[in-house]
Amino acid sequence: MFGQIAPGEALTLRGIGREFDVSMTPAREAVQRLVAEGALTMSASGRLATPALTPERIEELAALRALIEVELASRALPRAHMALIDRLQAINTTISEVVANRDAVGYIRANLEFHRTLYLRAQAPAMLAMAETVWLQLGPTMRALYTRLRRSEAPHYHRLIIAALKAGDEPGLRLAVRSDVTQGLKMLVG
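Only a predicted model underlies this, so the values are computations on that prediction, with no experimental measurement involved. (Residues numbered from 1 in each chain as written. Predicted model: local features only at pLDDT ≥ 70, side-chain atom pairs only at ≥ 80, totals over all residues. Heavy atoms only, no water.)

Engineer: Just to check I follow, could you spell out the side chain of Arg-65 for this structure?
Structural biologist: Structurally, the position occupied by Arg-65 is in helix α3 (residues 55-76). Overall, Arg-65 belongs to the buried group, its relative accessible area being 5%. Within the structure, Arg-65 has its side chain in polar contact with the side chain of Glu-69 (distance 2.5 Å). Excluding its chain neighbours within four sequence positions, the residues that come into contact with Arg-65 are Val-70, His-115, Val-134, Trp-135, Leu-138, Met-142, Val-181 and Leu-185. (Helix = DSSP H or I, 4+ residues; strand = E, 2+ residues; numbered from the N terminus. Buried < 20%, exposed > 50% of the residue type's maximum accessible area, 1.4 Å probe, protein only. Polar contact = N/O pair within 3.5 Å; in protein donor to acceptor, adjacent residues only side chain to side chain. Contact = heavy atoms within 4.5 Å.)

Written as structure tokens, this is what we have:
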């Protein structure tokens, strides 16, 4: 989910077990679940890899993010309070720090924390689970995107999301979230 594994990178059950200090059975169960969620692919021969997403698949996942995450943000708006806004601003500061350190995995982790923190206020666990499944499928690709973006600061749209929350501006919030979750992915397919 956080881009720690590159797109198309081959994996083995033994390597996964060693990495996480677990036996083959829990490693196999985790892999089966990740394959079912689209985070890993398994060939007929049993070869495991992170998916190398096609432009069409990236576009599809970006559209899903735009649908699900905009709705989550909209549902969170009536429950937004200053403590949430302060927390989002703190996470945005962390994002600026990891960007300054050129830490791709830290950026992806903090960016998803920003979104998840907001969406938890929606109190829509099924929708959040769907968003997290999309994030899981995009993780390796997000790292490639981060490298291409060459960010020097936290995403501009995060500031717009925070401003819309402060103002109680639902149309502005919906637009800022939609732009934030799709603008970078469009670079990968364009």
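Engineer: How should I be thinking about helix α2 (residues 24-36) in this particular structure?
Structural biologist: Side chains of residues three or four places apart in an α-helix project in the same direction, reflecting 3.6 residues per turn. Taking 1.5 Å per residue, 13 residues should reach 18 Å; α2 reaches 18 Å between its end C-alpha atoms and fits that length. Where α2 ends, the next residue or the one after it, Gly-38, has phi of about 85 degrees, a positive value. (Expected span 1.5 Å × (residues − 1).)

Engineer: Quick question: what am I supposed to make of the domain arrangement of the protein here?
Structural biologist: When the parts come together, some accessible area is lost, and that loss is often what is quoted as the size of the interface. Domains assigned within the protein are domain 1 (10-49) and domain 2 (55-189). Relative to domain 2, the C-alpha centre of domain 1 lies at a distance of 28 Å. (Domains from an automatic or database assignment.)

Engineer: Looking at this model, I keep getting lost on unusual backbone geometry. Mind explaining?
Structural biologist: Across residues other than glycine, the phi torsion is negative in most instances, and most of the peptide bonds are trans. Phi at Arg-102 is positive, roughly 55 degrees, even though this residue is not glycine. By the element assignment, Arg-102 lies in the loop between α4 (82-100) and α5 (104-120). For Arg-102, a relative accessible area of 57% gives the class exposed. One non-glycine residue with positive phi stands out, namely Gln-123, at about 50 degrees. Structurally, Gln-123 can be placed in the loop between α5 and α6 (125-149). Residue Gln-123 is classed as exposed on the basis of its relative accessible area, which comes to 53%.

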